[in-house]
Amino acid sequence: MKIIIIGAGIGGLSAGIGLKKQGHQVTVYERVEKILPVGAAISVWSNGVKCLNYLGLNEEVKALGGDMANLAYIDGFTNSVMTQFSLQPLVEEAGQKPYPVSRAELQAMLMEAFGKEDVKLGIGLVNIEQNLSEKDSKVTAYFSDGSSDTADLLIGADGTHSFTREYILGKKLERRYAGYVNWNGLVEIDESIAPADQWTTFVGEGKRVSLMPIAGGRFYFFFDVPLPVGLPNERDNYKTLLKQYFTGWCEPVQKLIDKIDPAKTNRVEIHDIEPFDTWVKGRVVLLGDSAHGTTPDIGQGGCQALEDSIYLTRSLAINTNSIDDALKRYVEVRAPRANHLVMVARKRCGVTHGEDPAATQAWYDELRQEDGKRILQGILNNIQGNPLD
Ligand SMILES: Cc1cc2nc3c(=O)[nH]c(=O)nc-3n(C[C@H](O)[C@H](O)[C@H](O)COP(=O)(O)OP(=O)(O)OC[C@H]3O[C@@H](n4cnc5c(N)ncnc54)[C@H](O)[C@@H]3O)c2cc1C
């Protein structure tokens, strides 16, 4: 089958790798010349790693992953440990270690595995045409450079601002601002800030400062601050603002702010999208953030894009009634799970970021009583139910 994929993010490239392995002829169109991900790193939880393993990328993802052996929550003001425990029980239960990885490196690894020669960079999708009344209609994509391409299937892996979604739904969906701004980047590991093998999160006032180890002796860091949407994004001001937002916080947090390089720091206003389950129109189908835009509060957006890729690939391989039938089965399996996780992340986001200060305080109190079991079970609940369990 000839397949067009729109978007060379985690979703588009992983789907491309899987579909090529099934013998399909796949071309990816990506509107930017150079992909600049909105986050410096990404935590690929066990379900996402299993999807990459399934694509034959076991060694590659392992090489990018940091050694995240433990998890700790720390009181941001006093620097006292609220809870600290090993992630090993989760690894044993899930059957796979999670890997925090650099996004740029993950992107490059996926691009290499898919084959750069089949990615058309700097070419954006601007229109789609298909004859819905005709059985086995082909789909034609029109691009920003005036070219077009016709295929048996078009996969819209074009992210949170998806044109393909607008085409399928016949309207634009407004994104919902989640109420906080996230600054993220990479720094060299410094054990006076946090242990090298731990996912450490400082909390207080509905804010978060988090560090995760990735390969190459680096920490992925992020700061979350509840703020109104639409404030100016002035890179020169990042450190001054973070110092202001984290006044009175403990020494490791101050040290981290001193260490960051604003030129290499990303600032993102966090949004999600109200879940919906119309992911298909004829021979056009959604995958990844275009289908389910989530807040990053449970680290599942990219992992769900990977699950979509594996399941879509498999659905097209194992269901031979028709392509339409295989697409229908893909959506029936994927939409409930991905949409459920959007809502889990939204709820987690509210508690973490002080939407209701009493609920956030209750969570801080809970953390001080936590021996790890509840948190690990929470993460496992998100991981389990993936297509490779
Ligand atoms: C701060 C932050 C932290 C996160 N942390 C995690 C985490 O720890 N774990 C996790 O699993 N997920 C995380 N996520 C979510 C994750 O980043 C996304 O879910 C994931 O990147 C989605 O991949 P995608 O391929 O669907 O979309 P994208 O990565 O957005 O890729 C879409 C691509 O399509 C291209 N495109 C768009 N329109 C067109 C067009 N018209 N024509 C051609 N190309 C087009 C874009 O340029 C882009 O390259 C995080 C997100 C954020 C914002």
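None of the values given here were measured: they were computed from a predicted structure. (Residues numbered from 1 in each chain as written. Predicted model: local features only at pLDDT ≥ 70, side-chain atom pairs only at ≥ 80, totals over all residues. Heavy atoms only, no water.)

A. Just the packing of aromatic side chains, in detail. Applying the stated rule across the entire model yields 12 aromatic pairs. Consider the rings of tryptophan 183 and tyrosine 238, whose centres lie 6.4 Å apart with planes at 80 degrees: the pair is edge-to-face. Taken together, the positions of tryptophan 183 in strand E12 (residues 176-188) and tyrosine 238 in helix H7 (residues 238-245) put the pair 55 residues apart, joining distant regions of the chain. Ring plane angle 70 degrees and centroid distance 5.7 Å describe the contact between phenylalanine 221 and phenylalanine 223, whose orientation is recorded as edge-to-face. By relative accessible area, which is 0% here, phenylalanine 223 ends up buried. The structure contains a cluster of three or more aromatic residues connected by ring pairs, namely Phe77, Phe221, Phe223, Phe246 and Trp249. Note that lysine 207 overlies the ring of phenylalanine 246, its terminal NZ or CZ placed 5.8 Å from the centroid. Here the basic side chain of lysine 281 rests over the ring of tyrosine 167, its NZ or CZ set 4.5 Å away from the ring centre. (Phe/Tyr/Trp six-rings, centres within 6.5 Å; stacked < 30°, edge-to-face > 60°. Helix = DSSP H or I, 4+ residues; strand = E, 2+ residues; numbered from the N terminus. Buried < 20%, exposed > 50% of the residue type's maximum accessible area, 1.4 Å probe, protein only. Lys NZ or Arg CZ within 6 Å of the ring centre and 35° of its normal.)

B. Inspection of the packing of helix H1 (residues 10-21) against helix H5 (residues 103-114) at higher detail. H5 packs onto H1 with a crossing angle of 25 degrees between their chain directions and a minimal axis gap of 9 Å. In terms of their interaxial angle, H1 and H5 are classed as roughly parallel. For H1 against H5, the interelement crossing comes out left-handed. Within the contact between the two elements, H1 uses Ile10, Leu13, Gly16, Ile17 and Lys20 and H5 uses Leu106, Gln107, Leu110, Met111, Ala113 and Phe114. Broken down by class, the residue content of the contact of H1 with H5 amounts to eight nonpolar, two polar and one charged. (Axes fitted to C-alpha atoms, helices over the stretch in contact; angles between N-to-C directions. Parallel < 35°, antiparallel > 145°, perpendicular 65-115°, else oblique. Left-handed = near helix turned anticlockwise from the far one by under 90°. Contact = heavy atoms within 4.5 Å. Nonpolar A, V, L, I, M, F, W, Y, C, P; charged D, E, K, R; others polar.)

C. The arrangement of the site of the ligand in detail. Within the structure, the ligand sits among 28 residues, and Gly11, Glu30, Ser43, Arg103 and Asp289 are positioned closest to it. Note that a nitrogen atom of the ligand is positioned 2.9 Å from one of the backbone N or O atoms of leucine 125. Contact with the protein chains hides 87% of the accessible area of the ligand, taken as 1000 Å² for the molecule alone. Of all the elements in the fold, those that place two or more residues in the shell around the ligand are H1, strand E2 (25-30), strand E3 (41-44), E12 and helix H9 (301-318). (Near = heavy atom within 4 Å. Polar contact = N/O pair within 3.5 Å; in protein donor to acceptor, adjacent residues only side chain to side chain. Areas by Shrake-Rupley, 256 points an atom, 1.4 Å probe, with all protein chains shown as cover.)

D. Molecular detail of the pattern of salt bridges. Under the criterion given, the structure shown has 28 salt bridges. In this structure, the salt-bridge partner of arginine 267 is glutamate 269, at a minimum N-O distance of 3.8 Å. Residue class for glutamate 269 comes out partly exposed when judged on its relative accessible area of 21%. For glutamate 274, the salt bridge goes to arginine 346, with nearest N and O atoms at 3.1 Å. Note that glutamate 274 is positioned in the loop between strand E16 (266-272) and strand E17 (280-281) and arginine 346 in helix H10 (residues 323-352), a separation of 72 residues in sequence. Assessed through its relative accessible area of 47%, glutamate 274 is described here as partly exposed. A residue is classified by how much of its surface remains accessible, and arginine 346, at 16% relative accessible area, is buried. Overlapping salt bridges bring together Arg176, Asp272, Glu274 and Arg346 as one network. (Salt bridge = Lys/Arg side-chain N within 4 Å of Asp/Glu carboxyl O.)

E. Quick peek at H5. Helix length check: H5 (12 residues) gives 16 Å between terminal C-alpha atoms against 16 Å at 1.5 Å per residue, within 8%. Along H5, the residues classified as buried are Leu106, Gln107, Met109, Leu110, Met111 and Phe114. Here H5 starts with a cap whose side-chain oxygen sits 3.3 Å from the backbone nitrogen of alanine 104, and that cap is serine 102. At the C-terminal side of H5, glycine 115 shows a positive phi close to 115 degrees. (Expected span 1.5 Å × (residues − 1).)

F. Highlighting the side chain of serine 14. Within the element layout of this structure, serine 14 appears in helix H1. Side-chain polar atoms of serine 14 contact the side chain of serine 309, separated by 2.8 Å. Not counting chain neighbours up to four residues away, the residues in contact with serine 14 comprise Leu55, Ala305, Leu306 and Ser309.

G. Fine view of H1. The end-to-end C-alpha distance of H1, which contains 12 residues, comes to 17 Å, matching closely the 16 Å that a straight helix rising 1.5 Å per residue would cover. Burial analysis of H1 places 10 of its 12 residues in the buried class, the great majority of the element. When H1 is considered as a whole, its buried residues turn out to be Ile10, Gly11, Gly12, Leu13, Ser14, Ala15, Gly16, Ile17, Gly18 and Leu19. Phi turns positive, to about 90 degrees, at glycine 23, one or two residues after H1.

H. Summary view of the packing of H7 against helix H8 (residues 251-259). The interhelical angle for the contact between H7 and H8, taken along N-to-C directions, is 170 degrees, at an axis separation of 9 Å. Comparing the axis directions of H7 and H8 gives the class roughly antiparallel. Between H7 and H8, the residues in contact are Lys239, Leu242 and Lys243 and Gln254, Ile257, Asp258 and Lys259, respectively. Partitioning the contact of H7 with H8 into residue classes produces two nonpolar, one polar and four charged.

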